[in-house]
Amino acid sequence: DLAEEVRELEQTKYDFEPYIEGVSLFKHEGRYHLVQAIWSHRLPDGTETYATTNDTETCFSYDCVIAVSDRVYGPYQERYTAITGGGHTCFFRTENGRWWATLFYNPRGKQATEFRQTCRPALIPMKDENSRFRPEPERTESLH
């Protein structure tokens, strides 16, 4: 059973709220980080956006976006892109305090042609820079 009634989280929405999935939530340094997977779209002028349509023909990448709040129900600040090409993300910290993320790496369109393998689960090192999480590709240690 649920501990309480289902409530919608207060968050800053895009002008057109796109299809969102793969949601997770974690708390770090007293703040809640709402993690969501959103398809980006390539516009005719070449720019990418989340605020467009749910048209699968214009999908460019499957991204991890994060919004932060001091309270679990919000309001959540404007979302930022944490990982391009990888959604359904879950963040965790190891015993040594290092951040990692699991994700489903799933770029589309032209972006997908830049990589040898796509549509794969992945584990990547992350870092917290001023309360914003970013990949840390230069880190090479394993989880052991």
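Structure: see above.
Only a predicted model underlies this, so the values are computations on that prediction, with no experimental measurement involved.

### A look at the state of the cysteines
- For the structure on display, the rule yields zero disulfides.
- Note on Cys 64: no disulfide assigned, nearest cysteine sulfur contributed by Cys 90 at a separation of 10 Å.

### So, the pairing of strand β9 (residues 132-135)
- Bridging between strand β8 (residues 120-129) and β9 involves four bridges; their strand directions are antiparallel. Considered in β9, the bridge of Asp 128 is made with Phe 133.
- The hairpin formed by β8 and β9 contains two residues between the paired strands, and Asn 130 there has a positive phi angle of roughly 55°.

### Section: the packing of aromatic side chains
- Summed over all chains, the structure comprises six aromatic pairs.
- Each residue in the set Phe 26, Phe 91, Trp 99 and Phe 133 is aromatic and connected to the rest through ring pairs, giving one cluster.
- Note that Arg 7 overlies the ring of Tyr 73, its terminal NZ or CZ placed 3.5 Å from the centroid.
- In this arrangement the basic side chain of Arg 139 is found over the ring face of Trp 100, its NZ or CZ atom lying 5.1 Å from the centre.

### Some details on the side chain of Arg 79
- Inspection of the secondary structure assignment puts Arg 79 in the loop between β4 (59-69) and β5 (80-83).
- Take Arg 79: its relative accessible area is 7%, and that puts it in the buried class.
- Of note is the side chain of Arg 79, whose polar atom sits 2.8 Å from the side chain of Gln 11.
- When near neighbours in sequence (up to four residues on either side) are disregarded, Arg 79 contacts Gln 11, Thr 12, Lys 13, Tyr 14, Glu 17, Ile 20, Gln 36, Ile 38, Val 65, Ile 66 and Ala 67.

### Comments concerning the pattern of salt bridges
- For the structure shown, the criterion picks out seven salt bridges.
- A salt bridge links Glu 129 to Lys 127; its shortest N-O distance comes to 3.3 Å.
- Residue Glu 129 is classed as partly exposed on the basis of its relative accessible area of 38%.
- Taking relative accessible area as the criterion, Lys 127 reaches 23% and is therefore assigned partly exposed.

Calculation rules
For every chain, the first residue of its written sequence is number 1, and the numbers climb from 1 along that sequence. In keeping with the predicted nature of the model, local features appear solely for residues at pLDDT of at least 70, side-chain atom pairs appear and are counted solely at 80 or more, and the whole-chain, interface and lining totals rest on all residues. Side-chain measures were taken over the full set of non-hydrogen atoms in the model, leaving aside hydrogen atoms and water. Only a pair of cysteine sulfur atoms within 2.5 Å qualifies as a disulfide here. By the convention used here, strands pair only if DSSP detects at least 2 bridges between them. In this text, helices come from DSSP runs of H or I with a minimum length of four residues, and strands from runs of E with a minimum of two, each type numbered from the N-terminal end. We call Phe, Tyr and Trp rings a pair once their centres come within 6.5 Å, taking the six-membered ring for Trp, and we label the pair stacked below 30 degrees between planes, edge-to-face above 60, and tilted otherwise. Consider the ring centre and the ring normal. A charge sits over the ring if Lys NZ or Arg CZ is within 6 Å of that centre and within 35 degrees of that normal. Throughout this description, buried means an accessible area under 20% of the type-specific maximum (1.4 Å probe, protein chains only), exposed means over 50%, and partly exposed covers the range between. N or O atoms within 3.5 Å of each other form a polar contact, as long as, within protein, one can give a hydrogen and the other can take it, and as long as residues adjacent in sequence are counted only when both atoms are side-chain atoms. Any two residues whose heavy atoms approach within 4.5 Å at even a single point are treated as in contact. Salt bridge, as used here: a side-chain nitrogen of Lys or Arg that lies within 4 Å of a carboxyl oxygen of Asp or Glu.

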